[in-house]
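Structural overview for review
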Amino acid sequence: MGGLLGRPLTLRNNTDGALMFENMRASEAEIAERNERAAKVAEALASAGFFVQQNVDQETQLQGAMVSVDPASDSRGGVFVQWNASSSLNESAAKNALGGGIDSPIFRHFSFVVEQMHAALIAILGSAGFDAVDADDDMNPYLIRVKP
């Protein structure tokens with residue numbers, strides 16, 4: 001759950017038993033280390049020939065490898081990488097899925113591309129000296145975590 005200015009929030013009980021939001025942001029030093037690691041990850045992927053995006057906003061068309069930093073202080077925080085297929089492939093696959101066509105050739109192709117790029121990114125980052133693993137995120141199944 002995100003709060004103002006992108007700061008992660010958590011829900012906790014106050015002394016009256018009411019639920020309150022509390023900021024759970026990593027220290028500035030930890031965020032600086034994550035930003036440095038993210039820059040090194042982006043550099044390694046770019047040197048391998050990938051188109052890399054960082055610090056994207058909602059208006060940016062995502063394509064290629066996206067490297068991001070989550071400032072949360074808990075297990076949600078860290079450096080992450082995700083592969084994004086072209087918008088045309090994403091849109092075609094989404095239209096097929098919404099129409100019940102998850103067995104369609106376009107959806108199968110999209111799934112194959114995303115799965116293979118996920119594995120390739122983990123392998124390439126590992127070869128470059130990073131500890132890259134599947135982020136084990138149910139809401140984002142092909143997210144990669146790059147550990148310190």
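Residues numbered from 1 in each chain as written. Predicted model: local features only at pLDDT ≥ 70, side-chain atom pairs only at ≥ 80, totals over all residues. Heavy atoms only, no water.

For the rest of this paragraph, the subject is the overall build of the chain. When helices and strands are counted, the chain shows 3 helices and 7 strands. Each of the 148 residues in the chain was classed as buried or not, and the buried ones make up 32%. Sequence-distant contacts, at least 24 apart, represent 41% of the contacts inside the chain between residues at least 6 apart. (Helix = DSSP H or I, 4+ residues; strand = E, 2+ residues; numbered from the N terminus. Buried < 20%, exposed > 50% of the residue type's maximum accessible area, 1.4 Å probe, protein only. Contact = heavy atoms within 4.5 Å.)

Looking now at the sheet that holds strand β3 (residues 52-54). Strand order in the open sheet formed by 5 strands is β3-β4-β5-β7-β6, and the pairing between neighbours is mixed. The sheet is open, and its two edges are formed by β3 and β6 (131-134), each paired on a single side. The average undirected angle you get between the axes of adjacent strands in this sheet is 30 degrees. Here strand β4 (residues 64-70) pairs with strand β5 (residues 78-84) via 7 bridges, running antiparallel. Among the inter-strand pairings, Asp70 is bridged to a residue of β5, identified as Gly78. Against the sheet, helix α1 (residues 28-47) touches β3, β4, β5 and β7 (144-147), its axis set at about 170 degrees to β4. (Pairing = 2+ DSSP bridges. Axes fitted to C-alpha atoms, helices over the stretch in contact; angles between N-to-C directions.)

Another aspect to go through is the side chain of Gln53. Take Gln53: it is sitting in strand β3. Owing to a relative accessible area of 9%, Gln53 belongs among the buried residues under this scheme. Engagement of the side chain of Gln53 in a polar contact is seen with the backbone nitrogen of Gln63, the distance being 3.1 Å. (Polar contact = N/O pair within 3.5 Å; in protein donor to acceptor, adjacent residues only side chain to side chain.)

In this structure the tally under the stated criterion is 2 aromatic pairs. For the ring pair Phe50 and Trp83, a centre distance of 5.9 Å and an interplane angle of 70 degrees mean the geometry is edge-to-face. Taken together, the residues Phe50 in the loop between α1 and β3 and Trp83 in strand β5 connect sequence positions 33 residues apart. Comparing Phe50 with Trp83 shows no difference in burial state: the two are buried. Each ring, one from Phe107 and one from Phe110, has its centre 6.2 Å from the other, and the planes form 40 degrees; the classification is tilted. Residue Phe107 and its partner Phe110 are both found in helix α3 (residues 105-127); the two are separated by 3 residues, about one turn of the helix. As far as burial versus exposure is concerned, Phe107 and Phe110 are alike and both buried. (Phe/Tyr/Trp six-rings, centres within 6.5 Å; stacked < 30°, edge-to-face > 60°.)

For the rest of this paragraph, the subject is the packing of helix α2 (residues 87-98) against α3. It is at 8 Å that the axes of α2 and α3 come closest, and there the two elements cross at 125 degrees. Between α2 and α3, the crossing angle belongs to the class labelled oblique. In the packing of α2 onto α3, the handedness of the crossing is left-handed. Counted together, Leu89, Asn90, Ser92, Ala93, Asn96 and Ala97 of α2 and Ile106, Phe107, His109, Phe110 and Val113 of α3 form the full contact between these two elements. Within the contact of α2 with α3, the residues separate by chemical class into 7 nonpolar, 4 polar and no charged. (Parallel < 35°, antiparallel > 145°, perpendicular 65-115°, else oblique. Left-handed = near helix turned anticlockwise from the far one by under 90°. Nonpolar A, V, L, I, M, F, W, Y, C, P; charged D, E, K, R; others polar.)

Compared with the 16 Å implied by 1.5 Å per residue over 12 residues, the 16 Å span of α2 between its first and last C-alpha is a close match. Gly100 sits one or two residues past α2 and shows a positive phi near 80 degrees. (Expected span 1.5 Å × (residues − 1).)

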